[in-house]
Structure formats: structure tokens, C-alpha cells
Amino acid sequence: MTDAETIQIIRVDKSALGDLDFKNLPFGKVFTDHLLEADYIDGQWTNGCIRPFHSLQLSPATAVFHYGQAIFEGIKAYKTEDGKVSIFRPEENFKRFNLSAVRMDMPEVPEYIFMEGMRQLIELDADWVPALADHSLYIRPFMIATDEVIGVKPSETYKFMIILSPSGPYYIKPMRIYVEEKYTRAAPGGVGFAKNAGNYAGSMLATSQARKAGYDQVLWTDAFEHKYLQEVGVMNVFFMIGDKVITPALDEGTILPGVTRNSAIELIRDMGYVVEERSISIDELIAAHQKGEVKEIFGTGTAATIAYIYELGYRDQAIELNTELWKLAPELRKQMNDIKYGNIPDNKGWMYPVN
Ligand code: COI
């Protein structure tokens, strides 16, 4: 057995679970008793350990603070009525994590540490998984560069961690989104497809400005013409036009390849709809809206799940939709939840059992 296949377990003396109010769980604010960590040193992964949740002590010279080599994932685990805990498609997040690692010139994390480490961690903290509707255990794996040196070069050491947060929904209400034309999230050849921290840092100013104008998030457009629609701040986007469903294609590498996006495409196709993965411009969308053909707009993401977009603002125009008339997004949300909470058999093999 190599170091990368050994995970030591150190338990808390006393669990903090007794202090948790399951009925009051804002997204991402509470963390479980334990975390997982592992270090990349001398070209190898080592020190794999599940231990009590703790703060990090890092030198101010630590590379991640300066040059931003930091990547992460978002995954969810669910509790079914019989108390079993399962994770939604974590192998897909594992693959995407390592794609992000390669793009940011960071080492790939071995499958054993990521997958088995995550399973063992959740098994240990299984009592923290909420059993309430729309609640889940949010799983946050991440990796940071830990060399203590000022100089722009890939770090030689890294820390990988997984922390767990019992959470309620990320978005509670349907959303109002602004089509962003000034700032750019991603361009071909860049890092748009990777889940690196900098993509989110770069999005904050545009999002804050949109929030001041009464919107929840922005819908990013392409870097050259600010015309082709990409994705919303924390989710991929789908448009139902007529009886077809369109979502921006991944081929330019400017869009996050969402696990919920992929799952949604599969379920929508199973329902008998045509799903087109292609470029779609704001002009096409506005023209379709003027003909009364835009039926539904929604986002997909691990945190966001299936989030309804009831209004899309573009310059001085707005596409406003009545979500009460919608059929597809509510059915998609129901089917996803039925699979995640174990209300129907998992025919797709999407749920990864923990215990
Ligand atoms: C997720 O959907 O899991 C994300 O990572 C988005 C956001 C919470 C940053």
C-alpha cells in the first residue's frame, strides 16, 4: 500500500452535532466535526488523514495567496427516508477536479484519496446529513498551492482538503438575471472550463453591480462580441424555445462542464424533448421572445440545483416569464430530487452509496 492509499482517522473527542439546528441551515455556513486532508510533497501524495475540523496556519508567503493556484469542487450527499446516505455522481466531480488541476498546472489527486477519502469522511459524519426536503450535505473538495515563496512558478507542494457543510437550498426564489456585456468571464484558451477560484473572484464585481440594480446574478456573454450566451455566475443555463431546449455548447472551453448540466440534458432527452448543445445569441433569444416562443429559462448547478429564471434583463429590455405556467423545469426538478432522495430506483446508477 502506498502513502496515497492510506488514510488515518483521528476522531473528535466530542461531536458538535448537538448544537446544530437542522431547521436553520443557511447554505455553506456550518461545518461538520471532521475534514480530510492530504499533502503533495516531493512529487507524491502523503499524510492522508481524516481529523477534527481545524483552521490552517499558513505563512503569509504561501503561494496560493499571491498567484491563485486554487481549485475546488461542489458535490452533494443526500439522506433517504431509510437513513441511507448517497452522493450524487461524485466520480464526475473527481474527473473534473483533475481536469482543473491539469489546467492550473497542479498535481492530479489520486482516486483513492478523493473518492474513498470522501466516502469515509461522510460515513464518519453521516449524522450531519440533513433529512429535510431540499437539504443536503454540501461537499467541498479543494486544493491550494502551499510553497512559501514569492515568485511566479507552479508550486512544488500542495494541500488537498475536503470539508462538509450541512445546507439548505442555495437559491430559494426564482431569479432575475442581467445579461452582462461589459465584463468577461472566459475566452477560448483561458480557464473558463476549470473550477478554479480565480474564475469566481473575477465574477464578483459584475455580480455586485447587477445586484445593486436589483438582479441576482449575471449571464455571461462571449469575450469578443458580448453576444453569445455562456453561463450564469454559479450555474449553467437552459432555454426552452418552442418545444426545443437549448444550452450553450462546451466546445470553446469557456463554460464549466456542469455535472448537473449533463444530468439535466440526459433527463430532458429521456422526457422526449430535443436538447441542442450549441451557441445561442442574445439576439436569437430576444427574437424568439418577441414571437412568444421563449417558454422557460433555468439554471443548473450542484449548489443551485434547478433554479428558475423568471426575468432576463438585457440593456433596456426584459424577457419576463410566468413560472407558474412552466412544465419542463418543475418536472426536471422533481425527477432529479426523486433520484437524489431515493424516491425512485436509481436506474442510471448516479447515486454513490456511503454506508
Ligand atoms: C456549486 O454549484 O457547487 C458551486 O461550486 C457553485 C458555487 C457555490 C460556487
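Residues numbered from 1 in each chain as written. Predicted model: local features only at pLDDT ≥ 70, side-chain atom pairs only at ≥ 80, totals over all residues. Heavy atoms only, no water.

Below, the discussion takes up the overall build of the chain. In terms of regular secondary structure, the chain is built from eight helices and 18 strands. The globule rule puts the C-alpha radius of gyration for 355 residues at 20 Å, and the 21 Å found for the chain is close to it. Each principal axis of the C-alpha atoms in the chain carries an extent, and together these give about 60 × 55 × 35 Å. When burial is assessed residue by residue, the chain has 52% of its 355 residues classed as buried. The long-range share in the chain, meaning contacts at least 24 apart out of those at least 6 apart in sequence, stands at 72%. Working note: accessible area of the chain is about 16,300 Å², and carbon and sulfur atoms make up 50% of it. For the chain, the distance from the average position of its 36 positive side-chain charges to the average position of its 49 negative side-chain charges is 4 Å. (Helix = DSSP H or I, 4+ residues; strand = E, 2+ residues; numbered from the N terminus. Rg over C-alpha atoms; globule rule 2.2 N^0.38 Å. Buried < 20%, exposed > 50% of the residue type's maximum accessible area, 1.4 Å probe, protein only. Contact = heavy atoms within 4.5 Å. Areas by Shrake-Rupley, 256 points an atom, 1.4 Å probe, with all protein chains shown as cover. Lys, Arg positive; Asp, Glu negative; His and termini not counted. Charge placed at Lys NZ, Arg CZ, Asp CG, Glu CD.)

Before going further, it helps to examine the pattern of salt bridges. By the definition in use, this model includes 20 salt bridges. Arg 119 is paired through a salt bridge with Glu 116; the nearest N and O atoms lie 3.0 Å apart. With Arg 119 and Glu 116 both in helix H3 (residues 111-124) and three residues apart, this pair spans about one turn of that helix. Like Glu 116, Arg 119 is buried. One salt bridge connects Arg 278 with Glu 284, and the closest N-O pair in it is separated by 2.8 Å. Accessibility expressed as a relative area gives 25% for Arg 278, which makes it partly exposed. A residue is classified by how much of its surface remains accessible, and Glu 284, at 30% relative accessible area, is partly exposed. (Salt bridge = Lys/Arg side-chain N within 4 Å of Asp/Glu carboxyl O.)

Taken together, Phe 72, Gly 74, Tyr 138, Arg 140, Tyr 170, Lys 195, Tyr 200, Val 234, Thr 302 and Ala 303 make up the full set of residues near the ligand. Measuring from an oxygen atom of the ligand, one finds a side-chain N or O atom of Tyr 138 at 2.5 Å. Computed on the free molecule, the ligand has an accessible area of 280 Å², of which 90% lies beneath the protein chains in the complex. Residues of the shell around the ligand, tallied by class, amount to six nonpolar, two polar and two charged. (Near = heavy atom within 4 Å. Polar contact = N/O pair within 3.5 Å; in protein donor to acceptor, adjacent residues only side chain to side chain. Nonpolar A, V, L, I, M, F, W, Y, C, P; charged D, E, K, R; others polar.)

Let's shift gears to the packing of aromatic side chains. A complete count under the given rule lists 17 aromatic pairs for this structure. Plain terms: the ring middles of Phe 27 and Tyr 170 are 4.8 Å apart, the flat faces sit at 90° to each other, and that makes the pair edge-to-face. Of this pair, Phe 27 sits in the loop between strand S1 (8-9) and strand S2 (34-41) while Tyr 170 sits in the loop between strand S8 (158-167) and strand S9 (175-179); the two residues are 143 residues apart in sequence, bridging distant segments of the chain. Ring geometry for Phe 97 against Phe 114: centres 5.4 Å apart, planes inclined by 50°, an arrangement best described as tilted. A residue pair is termed long-range when its members are at least 10 positions apart, and Phe 97 in helix H2 (residues 90-103) and Phe 114 in helix H3 qualify at 17 residues. Each member of the aromatic cluster is reached from another via a ring pair, and the members are Tyr 40, Trp 45, Phe 94, Phe 97, Phe 114, Tyr 158 and Phe 160. Lying over the aromatic face of Tyr 215, Arg 176 brings its terminal NZ or CZ to 4.2 Å of the ring centre. Seen from the ring of Phe 88, Lys 340 lies directly overhead, with NZ or CZ sitting 5.1 Å from the centre. (Phe/Tyr/Trp six-rings, centres within 6.5 Å; stacked < 30°, edge-to-face > 60°. Lys NZ or Arg CZ within 6 Å of the ring centre and 35° of its normal.)

Pairing between S1 and strand S3 (residues 44-52): two bridges, direction parallel. Bridge pairing in S3 links Gln 8 to Cys 49. Across seven bridges, the pairing between S2 and S3 is antiparallel. Bridging from a neighbouring strand, Ile 41 pairs with Gln 44 of S3. (Pairing = 2+ DSSP bridges.)

This paragraph deals with helix H8 (residues 328-340). For H8, with 13 residues, the first-to-last C-alpha span of 18 Å sits near the 18 Å given by 1.5 Å per residue. Listing the buried residues of H8 in full gives Leu 328, Ala 329, Leu 332, Met 336, Asn 337, Asp 338, Ile 339 and Lys 340. Positioned one or two residues after H8, Gly 342 has a phi angle of 70°, which is positive. (Expected span 1.5 Å × (residues − 1).)

Let's shift gears to the side chain of Asp 125. Looking at the element boundaries, Asp 125 is found in the loop between H3 and strand S7 (136-145). Despite its burial, Asp 125 pairs with no opposite charge; the closest candidate is Arg 11, at 8.3 Å N-O. Contact partners of Asp 125, with chain neighbours within four places excluded, come to Thr 32, Asp 33, His 34 and Leu 164.

Before going further, it helps to examine the side chain of Asp 39. You can see Asp 39 is positioned in strand S2. A polar contact of 2.9 Å, which involves the side chain of Asp 39, links it to the side chain of Asn 47. Aside from chain neighbours lying at most four places away, what touches Asp 39 is Gln 44, Trp 45, Thr 46, Asn 47, Tyr 158 and Lys 159.

Turning next to a nonpolar patch on the surface. On the surface, a nonpolar cluster with roughly 330 Å² of combined accessible area is contributed by Tyr 67, Ile 150 and Val 152. Structurally, the position occupied by Val 152 is in the loop between S7 and S8. (Patch = residues over 30% accessible without salt bridge, like charges linked within 9 Å, V, L, I, M, F, W, Y side chains within 5 Å.)

In contact at an axis separation of 10 Å, helix H6 (residues 259-270) and H8 are set at 110° when each is read in the N-to-C sense. Considering their axes alone, H6 and H8 lie roughly perpendicular with respect to each other. Note on element contacts: H8 touches H6 through Leu 328, Leu 332, Gln 335, Met 336 and Ile 339, opposite Thr 260, Ser 263, Ala 264, Leu 267 and Ile 268. (Axes fitted to C-alpha atoms, helices over the stretch in contact; angles between N-to-C directions. Parallel < 35°, antiparallel > 145°, perpendicular 65-115°, else oblique.)

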